[in-house]
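An overview of the molecular structure
Residues per chain are reported as follows:
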Amino acid sequence: MASDETHEEEQPELPISDEPVKKKKPRRRARSNRSSEKSDSPSQDDTQSIPETLPILPLRGLVVYPQTAVPLMVGQPRSVRLIDDIVAADRVIGLVTSLDPEKEEPDPEDLHSVGTVAAVHRMFRAPDGTIRLLVQGLSRIRVEEFVSHDPYLVAKVSPYPESAGEGLEVEALMRNIGEQFRQLGELVPSIPGELLATTLSIEDPLQMVYTVATYMRTDLEDAQKLLELETASEKLHMLMGLLGKELEVLELGRKIQADAQTEIDKVQREFYLREQLKAIQRELGESDEQQIEAVEFRQKITEAQMPPDVEKEAVREVDRLSKLPTAAAEYGVIRTYLDWLTTLPWSKLTEDNLDIEHARTVLNEDHYDLEDIKERILEYLAVRKLRHDRGIETEEGETSGKAAIRREREGAILCFVGPPGVGKTSLGASIARALGRKFIRMSLGGVRDEADIRGHRRTYIGAMPGRIAEALRRVESRNPVIMLDEIDKLGADFRGDPASALLEVLDPEQNHEFRDHYLDVPLDLSQVMFITTANTLDPIPGPLRDRMELIQLSGYTEREKIHIAERYLVPRQIHENGLRDDEVRFGEDALLRIIQDYTREAGVRNLEREIGAVCRKIVTQIAEEKVSQLAVTPNIVRDLLGKPKFYYITEVEQRTNIPGVATGLVWTPVGGDIVFVEATGMPGAKGFILTGQLGDVMQESARAALSYIRAHADDLKIDSDWFDQHDVHLHVPSGAVPKDGPSAGITIATALTSALTKKPVRGDLAMTGEITLRGQVLPIGGVKEKVLAAHRFGIKAVILPARNEKDLDDIPNEVKEELEFIFVENVEEVLATALEGLPDRSDANGKPRSKGKPPQKKKKEKTSA
């Protein structure tokens, strides 16, 4: 039984496609039409002889009309049984279409109520068990009710006669349909001419409707609706609409096919003409277009002065190009490859401007301070100048010996690390201008594909070189300044790791033979000056970080921001907003008000935005003729920019006025910042509660601080039984921001002690340092950024670990003059300094810790504008 069911799926009751069936229909239909013409009304005789009950054969995806002959294929067991029974009887069956063509054995409720009574004229039993039938539709019937379901469907039926209709309208409709069917026959080759002639000669409108509908493509629903319509006029109207739609589809298809054929003919014609042109050129002794292109590439290779290995590869590719037909797929690939090879700057150099005074002037014009970077660029120029003056400079074209080794190390690879807005990116263009070199910037933020650096291999469709080779081609020089911006924002996924691809690019020992996957020839990057920028070093892999010379850029002080605003930001915003220099003037006090009340950043990016906002509001007033010129004062700043966004030292003093709040200093990728640590005690037995999205390291610091306080409860005048009856809650505000690191240890200890002793912390004091269980204060990093943040917030005193005293060399003098630095070695000294009213205690040697300002030290290099 299982095999029969499988066989039934392969051999359904109805043809899988109408096309094969329709190819066989025309001749049979023609004979049927001729036989019907001999009878005046065969359907009326058949209607009178329709029995009351008929076996019903369900049809899937097909409608059989009266007066038409249709081949069918039967494969279902119950349908085969039905055919066997009727062949032995009167050979009359009812054909009813199924509502769902996909259902193999439809039930009575799955069938339409209107069908066709048909006579089985021929039957053929195939070897696979299926039966092929030729049935002749007789007349329309209506299914009243089903009286049997087993072994096959049997139903009571009643005749459902149709109105043939007469008149001019019917005649006009028949002529239109005849013309449309003739047009259809011209577009569908499977409809033979004799069928067209027979159809056009039919005078019975119903017979014409059913004949045409049988041989045209229609939806199953439309075919069933055509059968169910009452009058010939309605059927003719519907058929005419279906024919019109089918003709439009076929006409459009023919047009599309004609257009495609035209394109094919055009390509073939061009091919033949080109071949004839080549033959004519050969006869005349002239070169064809392909040979001309090969000659041009050979000339470009000679002019490019490529290295021997590269030139050898280029000549080999030109030879391949000259032997390929232009229509070959590989022709375009080789041509593109040669175009890249011949346009790269193999021998084009930009002569360095070795005038050190000129370089110093250019750097000072573009950026304020930044002595570290300026000194490094001047050192680079001085080395190049000395080598040139002493004749050590490598001669052009020399590729061996000691000179070649020196040449490989001529480039420089610098990495500027600092918070946003301090001028890292703009430094690249200034350095290029100072050196007299060409400059190009490449943003690496979000790059996740290794092929962006090394390129794709030529085996891929649409392959292109990497961004390094593309940059050299664009600047047309092999010794430019290339800035790789945001190198710490590189990504990695299944396509590779771009950071690993940069290992060769940024290695002075390897990049003289950098191989791009697309070019596949050595590319010399040794004379390129690479400058990279990053906000933080942590995301950069260690091997890549080791290949770069790191230069740290910290945030600016208020005085430095004022100088930068006066020299760079204000003039630029005046020019960009269409103002003249005499129409607006910013005083130092106005700039200081913007810096303190409307920005809080390490750089000057937001400062420039606020200055631009002030300029635009002044432009509006000038355009409205309210003012002609304006001197910006702090009060005008408040009027133009609205309420302050930040509240300087007032916020710190207000929050630390309550016991249990201490101010800490933190380092972030965007510069230093302050953080408030809050602690409180309450009755309960839950222990130690930590909130504020603290990381594991910071939680461990908090537990160490609490353990120290509990161990020294007697020294701090805290009842030892207090911890058994109370909970301690430590919270760091800005809970949406993750926080971690050990440097908040002394801040947490101070906040906890303040909460438990009810003694407030000094409001003008901030601190940073790691704590141990024994109360020692360990050194921390990021001192410069943290101290600058304290100065920016108006803090007056800073507690630092004693071993960080050496880091004050990097602090600007103006900051050291305004801040008091307190260096501590243990927590006792921290608490004695920070808590008001807590007596100072001596250290382990009995010597009191000294406090006060350290000796003045030389100002260190600063970041750029």
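Let me begin by describing the structure that accompanies this report. These numbers were taken from a predicted model, which means no experiment stands behind them.

Section: helix 13 (residues 356-366)
Taken together, the buried positions of helix 13 are Ala359, Val362 and Leu363. Seen along its axis, helix 13 keeps its buried residues to an arc of 95 degrees; they face one direction. Packed against the buried residues of helix 13 are helix 14 (371-389) and helix 16 (424-435). Among the residues of helix 13, the N-terminal cap falls to aspartate 355, whose side-chain oxygen and the backbone nitrogen of glutamate 357 are separated by 3.2 Å.

Describing the packing of helix 21 (residues 558-576) against helix 23 (residues 605-623)
Put simply, helix 21 and helix 23 touch, their axes get as near as 10 Å, and they point 45 degrees apart. Our classification of the angle between helix 21 and helix 23 gives oblique. Helix-helix and strand crossings are classified by hand; for helix 21 and helix 23 the assignment is right-handed. Residue-level contacts link Lys561, Ala565, Leu569, Val570, Arg572, Gln573 and Ile574 of helix 21 to Leu607, Glu608, Ile611, Gly612 and Cys615 of helix 23.

A closer look at the nonpolar core
Ranked by internal contacts, the top residues of the largest apolar core, which has 54 residues, are Phe416, Ile431, Phe586, Ile594, Ile611 and Val632. No other element matches the 7 residues that helix 21 contributes to this core. In this view, isoleucine 611 contacts Ala565, Leu569, Val570, Gln573, Phe586, Leu591 and Ile594; residues no more than four positions away in its chain are not counted. Within the second largest apolar cluster, 53 residues are counted, among which are Val318, Leu341, Ala463 and Phe514.

Focus on the pairing of strand 23 (residues 797-801)
Counted residue by residue, strand 23 has 5 buried out of 5 residues, so it is predominantly covered. Along strand 23, one buried face is formed by Ala797, Ile799 and Pro801 and the opposite face, lined by Val798 and Leu800, is buried too. Of the strand pairs in this sheet, strand 23 and strand 24 (residues 820-824) are connected by 5 bridges, and their pairing is parallel. If you follow alanine 797 over to strand 24, its bridge partner there is glutamate 820. Each parallel crossover has a hand, and for strand 23 linked through helix 30 (residues 813-818) to strand 24 it is right-handed.

Topic: the pattern of salt bridges
Pairs may arise between side chains of opposite charge once their charged atoms sit close together. According to the stated counting rule, one finds 42 salt bridges in the structure shown. Where aspartate 352 meets arginine 384, a salt bridge forms, and the shortest distance between an N and an O atom there is 2.8 Å. You can see aspartate 352 sitting in the loop between helix 12 (329-343) and helix 13 and its partner arginine 384 sitting in helix 14, a full 32 residues away along the chain. Here arginine 384 falls in the buried class, since its relative accessible area comes to 12%. One salt bridge in this structure joins arginine 441 and aspartate 485, with 3.1 Å as the shortest N-O distance. A residue pair is termed long-range when its members are at least 10 positions apart, and arginine 441 in strand 8 (residues 439-443) and aspartate 485 in strand 9 (residues 481-485) qualify at 44 residues.

Some words on the packing of helix 13 against helix 16
Taken N-terminus to C-terminus, the directions of helix 13 and helix 16 make an angle of 155 degrees; their axes are 8 Å apart at the nearest point. Looking at the two axes, helix 13 sits roughly antiparallel to helix 16. As helix 13 packs across helix 16, the resulting crossing turns out to be right-handed. Along the contact surface, helix 13 presents His358, Ala359, Val362, Leu363, Glu365 and Asp366, while helix 16 presents Ser430, Ile431, Arg433 and Ala434. Taken together, the residues of the contact of helix 13 with helix 16 break down into 5 nonpolar, 2 polar and 3 charged.

Topic: unusual backbone geometry
For the bond running from aspartate 150 to proline 151, omega is 10 degrees, close enough to zero to count as cis. Along the chain, proline 151 turns up in the loop between strand 5 (131-148) and strand 6 (154-159). Although it is not a glycine, arginine 91 sits at a positive phi angle of roughly 60 degrees. Even without being a glycine, lysine 717 presents a positive backbone phi close to 60 degrees. Here lysine 717 is to be found in the loop between helix 26 (696-711) and helix 27 (722-725).

Notes on the side chain of arginine 78
Looking at the element boundaries, arginine 78 is found in helix 4 (residues 77-87). Here arginine 78 occupies a buried position and makes no salt bridge, while the nearest side chain of opposite charge, glutamate 105, is found at 4.9 Å. Those residues in contact with arginine 78 that sit more than four places away from it in its chain are Pro58, Glu105, Pro106, Pro151, Tyr152 and Leu153.

A look at the sheet that holds strand 12 (residues 529-534)
In space, the 5 strands of this open sheet follow the order 8-9-12-7-13, with parallel pairing throughout. Strand pairing shows two members of the sheet lacking a second neighbour, strand 8 and strand 13 (549-552), which therefore form its edges. Mean inter-strand twist for the sheet, computed between neighbouring axes without regard to direction, equals 20 degrees. For strand 9 and strand 12, the ladder comprises 4 bridges, and the chain directions are parallel. In the strand pairing of strand 12, isoleucine 482 is matched with phenylalanine 530.

Re the pairing of strand 2 (residues 69-74)
Along strand 2, 6 of the 6 residues are buried, which leaves the element largely enclosed by surrounding structure. Alternating residues of strand 2 divide into Ala69, Pro71 and Met73 and Val70, Leu72 and Val74, and every residue in both groups is buried. With 6 bridges connecting them, strand 2 and strand 5 associate as antiparallel partners. Directly across from methionine 73, in strand 5, lies its bridge partner arginine 132.

What counts and what doesn't
- Residues numbered from 1 in each chain as written.
- Predicted model: local features only at pLDDT ≥ 70, side-chain atom pairs only at ≥ 80, totals over all residues.
- Heavy atoms only, no water.
- Buried < 20%, exposed > 50% of the residue type's maximum accessible area, 1.4 Å probe, protein only.
- Helix = DSSP H or I, 4+ residues; strand = E, 2+ residues; numbered from the N terminus.
- Arc of directions from axis to C-beta.
- Contact = heavy atoms within 4.5 Å.
- Polar contact = N/O pair within 3.5 Å; in protein donor to acceptor, adjacent residues only side chain to side chain.
- Axes fitted to C-alpha atoms, helices over the stretch in contact; angles between N-to-C directions.
- Parallel < 35°, antiparallel > 145°, perpendicular 65-115°, else oblique.
- Left-handed = near helix turned anticlockwise from the far one by under 90°.
- Core = buried A, V, L, I, M, F, W, Y, C linked by side-chain atoms within 4.5 Å.
- Pairing = 2+ DSSP bridges.
- Right-handed = clockwise from strand over helix to strand, strands pointing away.
- Salt bridge = Lys/Arg side-chain N within 4 Å of Asp/Glu carboxyl O.
- Nonpolar A, V, L, I, M, F, W, Y, C, P; charged D, E, K, R; others polar.
- Lys, Arg positive; Asp, Glu negative; His and termini not counted.

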